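If you want the building blocks of each chain, they are given just below.
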Amino acid sequence: MRLEQIRLRTFGCFQRDDFELHKGVNLIFGPNFSGKSTLVNAIFFTLTGKPIVPRVDASAIKNAKAYSGTAGLQFVVDGERYQLYRATGKRIQLRTEKNGGWQVLFDEKRIKVTETLLQERFGIMHDQLALTTFLREGEIFEFLARQSTNRRDILHTLLGIDRLIEVRERFIDTRRIAKREQGRIKAHQNSLRFNAQNVHETEIARIEEKLKGLEAAYGTQTGDAELIAEWTQHHRRLQTQFDTLTRQQNEALRGCKDIGQLHEMISEISKAIQESTGLEEKREKLIQQIGRLESQIAALTSVCNTLRGLIESEDRHCPTCYQEVEQEVIQRIVDEKEQEKSQFCDELEKHKQALETETTNLKSRHELEQRLETFQTGATLFQQRIQEIETVQTELAALTSRLNARGIQRSEPNAPEIPPVLDKSKLQVQIDRERRQLDKLKQEEAVRLDRLASLHRVNREAAHIEKTLLSLELACTGVEKTIATLQKQILRPAEEELHRWLEKMRLFSTSRGSGGETRIDLQRQYLLPSLTIDGVDRSLMLLSGSEKMFLYLCFKVALANVLGNPGFFVFDDPTLHLDGERKALMVDFIRQLAEEHQVVVTSYDEDVRAGLAEAHLIEMKHNV
């Protein structure tokens, strides 16, 4: 994209003015309050729809006496000429030159639609232009003061990986839902496993075998003696089963006096667990607060060290503004920062103690949950044994009643004697009763098999959710690796390009003969250049104002070349606060940049005007 003309209508201090732009360097020269920065703002506003100064409403840049202001640009892209107009009333129009006239491509008030069209057609993005193409006054200090999270979001937008981040967040949400579903399935598995235990197979086989003997005895008319012997054996078996069930029931109480006390303990533990809900969230918040406090303490320590360096320096002047350092004022600031740091340290210690307490509470709750599960299992087993004991007692009572009715005398406890004769009709009654018991057990076995099938089905669901969780973990890891790879692929060439420009401008150069070198790292702190000179990290805050300016401009050019520069750069007074030597170096930098790109520069310095004598001059005068 090559800019050809700026067209303004009631925009800022201009009523109706047009300004031509040429290839190479375009110098907008004039005194303060002559409208130089307004032209820069007009270019940025036309392309992005926002003022170049952040957090300023678009309506503030129109002429104070007009209802609306309009800024326009005429430019050439791929051999085709366009005119783009944007009004502070949020209306935008794009024209293209055809057959000697101008044809309107679109005329819209819908902001999202127009921004999408401009990005697709010309690659215009607000964040990319602001960071790589334009330089406004004071921008470098605002960039250095940005939070790392803010620079990270800008980086993600520039690299186009914000969509990947959204995908990763969706994967994480899906994984969270899958974990909840996994917990539900595990709980269902536990209940089915307990209910699916095989407790009837042996009993069914025993009754079937017994029925064979009874039916054979009935068919061959072996007499009542064998029937009484069978009853006696059955009586002993029931008594043994009764003793076993009673012992298991007592073991299920696990030290409790009775089932009431067991239920009371279950209720108390459940109440304690319920009251301790939210411990994970509290602990996570404490961890976040500790991280925030540690970051604030580190930042205050860095600021105090920097200010102490100014106090202890032999040069009593600020390296940025060259004003004399007032040590007493700075010392008071240091004392205030130290006091604030002390308060943060106290608060950090309290948070750490609270974190330790919450961790201990969370561990105790986990122990309570395990104990609750043990008691609940015991209570369930106790209830089952009650039903089984009642069934055995009923059978024992009925059998004892029948034996007593036949006049059986006991020689020892629970051991009936066999009388010589019993009525054969009793044998048929026993056969019928055993058959009914067998049918009941077979029905219960059918229910057990159905539950077993349900358990197998839930196991398959558990295996499926396990595979799903593994896939989501791999997907999250893959997306994170893709994001890291994209950052490296973009930032590494940017680092090399930045280093090339620094060498070209002879900034931070060291003796090659001694093996020294300057290394640049844009990944460590998200776009904030990290300098390592001769193996020693150098803080950007300790660089001089001119060094920061040159480093920042080289950073812009390097990042623009990697991300795709639109074809021009716009610098608003880049020589501000530079001495004569640095001004000459800046002029040389602009000349070299103009060999490949169109450059628009504003200045009020006669030395810059003399150094850029070959540039296209746009001379501004005071607006009254």
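Residues numbered from 1 in each chain as written. Predicted model: local features only at pLDDT ≥ 70, side-chain atom pairs only at ≥ 80, totals over all residues. Heavy atoms only, no water.

## Let's talk about the overall build of the protein
Broken down by element type, the protein carries 15 helices and 16 strands. Looking at the 624 residues of the protein, the share that counts as buried comes to 40%. Accessible surface for the protein amounts to roughly 35200 Å². Of this, 49% is attributable to carbon and sulfur atoms. (Helix = DSSP H or I, 4+ residues; strand = E, 2+ residues; numbered from the N terminus. Buried < 20%, exposed > 50% of the residue type's maximum accessible area, 1.4 Å probe, protein only. Areas by Shrake-Rupley, 256 points an atom, 1.4 Å probe, with all protein chains shown as cover.)

## Remarks on the side chain of T133
Structurally, T133 can be placed in the loop between α3 (126-132) and β8 (134-135). There is a polar contact of 3.3 Å between the side chain of T133 and the side chain of T132. Residues in contact with T133, not counting those within four places in the same chain, are Q128, N565, P566, F568, F569, V570 and F571. (Polar contact = N/O pair within 3.5 Å; in protein donor to acceptor, adjacent residues only side chain to side chain. Contact = heavy atoms within 4.5 Å.)

## Points about the sheet that holds β8
Strand order in the open sheet formed by five strands is β8-β14-β15-β3-β16, and the pairing between neighbours is parallel. Both edges of this open sheet fall to β8 and β16 (616-619), since each of them pairs with a single strand only. Sheet topology note: the strand β3 (residues 25-29)/strand β15 (residues 598-603) ladder contains five bridges and is parallel. Across the sheet, the residue bridging to L27 is V601, located in β15. (Pairing = 2+ DSSP bridges.)

## Side note on the sheet that holds strand β5 (residues 80-87)
Whether parallel or antiparallel, the strands of a sheet pair through hydrogen bonds between backbone atoms. Reading across the sheet, the six strands line up as β2-β1-β4-β5-β6-β7 and stay open at both edges, with antiparallel pairing between neighbours. At either margin of the open sheet sits one strand with a lone partner, and together these are β2 (14-20) and β7 (101-108). Taken over all neighbouring pairs, the strand axes of this sheet differ in orientation by 15° on average, direction set aside. In this fold helix α1 (residues 36-48) packs onto β1 (2-11), β2, β4 (70-77) and β5, with an angle of close to 100° to the strand it touches most, β1. (Axes fitted to C-alpha atoms, helices over the stretch in contact; angles between N-to-C directions.)

## Remarks on the packing of helix α12 (residues 425-504) against helix α13 (residues 545-563)
How two helices sit against one another is set out by the angle between their axes and by the gap between those axes. Look at α12 against α13: their axes get within 8 Å of each other, and the N-to-C directions meet at 135°. By the criterion of interaxial angle, the relationship of α12 to α13 is oblique. As for how α12 packs across α13, the hand of that crossing is right-handed. Seen from α12, the contacting residues are I490, P493, A494, E497, L498, W501 and L502; seen from α13, they are L551, C554, F555, V557, A558, L559, N561, V562 and L563. Here the residues of the contact of α12 with α13 sort into 14 nonpolar, one polar and one charged. (Parallel < 35°, antiparallel > 145°, perpendicular 65-115°, else oblique. Left-handed = near helix turned anticlockwise from the far one by under 90°. Nonpolar A, V, L, I, M, F, W, Y, C, P; charged D, E, K, R; others polar.)

## Here we look at unusual backbone geometry
Backbone geometry at F33 places phi at a positive 65°, although glycine is not the residue there. Structurally, F33 is set in the loop between β3 and α1. At D573, a position not held by glycine, the phi torsion is positive, near 50°. Along the chain, D573 turns up in the loop between β14 (568-572) and α14 (580-594).

## Observations concerning the nonpolar core
Within the largest apolar cluster, 48 residues are counted, with the highest numbers of intra-cluster contacts made by L498, F555, F571, M586, F589, I590 and L593. When residues of this core are traced back to their parent elements, those giving at least two are β3, α4 (139-144), α5 (148-159), α12, α13, β14, α14 and β15. The next biggest cluster of nonpolar side chains, apart from the first, holds 37 residues, and it includes I28, A42, I61 and F122. (Core = buried A, V, L, I, M, F, W, Y, C linked by side-chain atoms within 4.5 Å.)

## Points about the pattern of salt bridges
One pass over the full model with this rule turns up 20 salt bridges. The partner of E4 in a salt bridge is R81, with the nearest N and O atoms 2.7 Å apart. Taken together, the residues span a long stretch of sequence, with E4 in strand β1 and R81 in strand β5 at a distance of 77 residues. A relative accessible area of 10% means that E4 is categorised as buried. Each of R2, E4, R81 and E97 takes part in a single network of salt bridges with overlapping partners. (Salt bridge = Lys/Arg side-chain N within 4 Å of Asp/Glu carboxyl O.)

## Some remarks on the packing of aromatic side chains
This structure, assessed with the given rule, holds ten aromatic pairs. When the centroid spacing of 5.4 Å and the interplanar angle of 70° are considered together, the rings of W501 and F589 count as edge-to-face. Highlighted residues: W501 in helix α12 and F589 in helix α14, separated in sequence by 88 residues. Using a relative accessible area of 2% as the deciding quantity, one classes W501 as buried. Feature note: the residues F44, F134 and F568 constitute an aromatic cluster, connected by ring pairs. (Phe/Tyr/Trp six-rings, centres within 6.5 Å; stacked < 30°, edge-to-face > 60°.)

## A short note on α13
End to end, α13 covers 27 Å across 19 residues, agreeing with the expected 27 Å (1.5 Å per residue, within 8%). Counting buried residues along α13, 17 of its 19 residues qualify, which places the element largely inside the surrounding structure. Where α13 terminates, the next one or two residues include G564, which has phi positive at roughly 105°. (Expected span 1.5 Å × (residues − 1).)

## A look at the confidence of the model for the protein
Looking at the protein as a whole, its pLDDT mean stands at 79, while 83% of the residues score no less than 70. In the predicted structure, residues 408-422 sits below a pLDDT of 50 and forms 32 contacts with residues beyond four places in sequence or in another chain. Counted against residues more than four places away or in other chains, residues 510-515, with its pLDDT under 50, gives nine contacts. (pLDDT = per-residue confidence, 0-100.)

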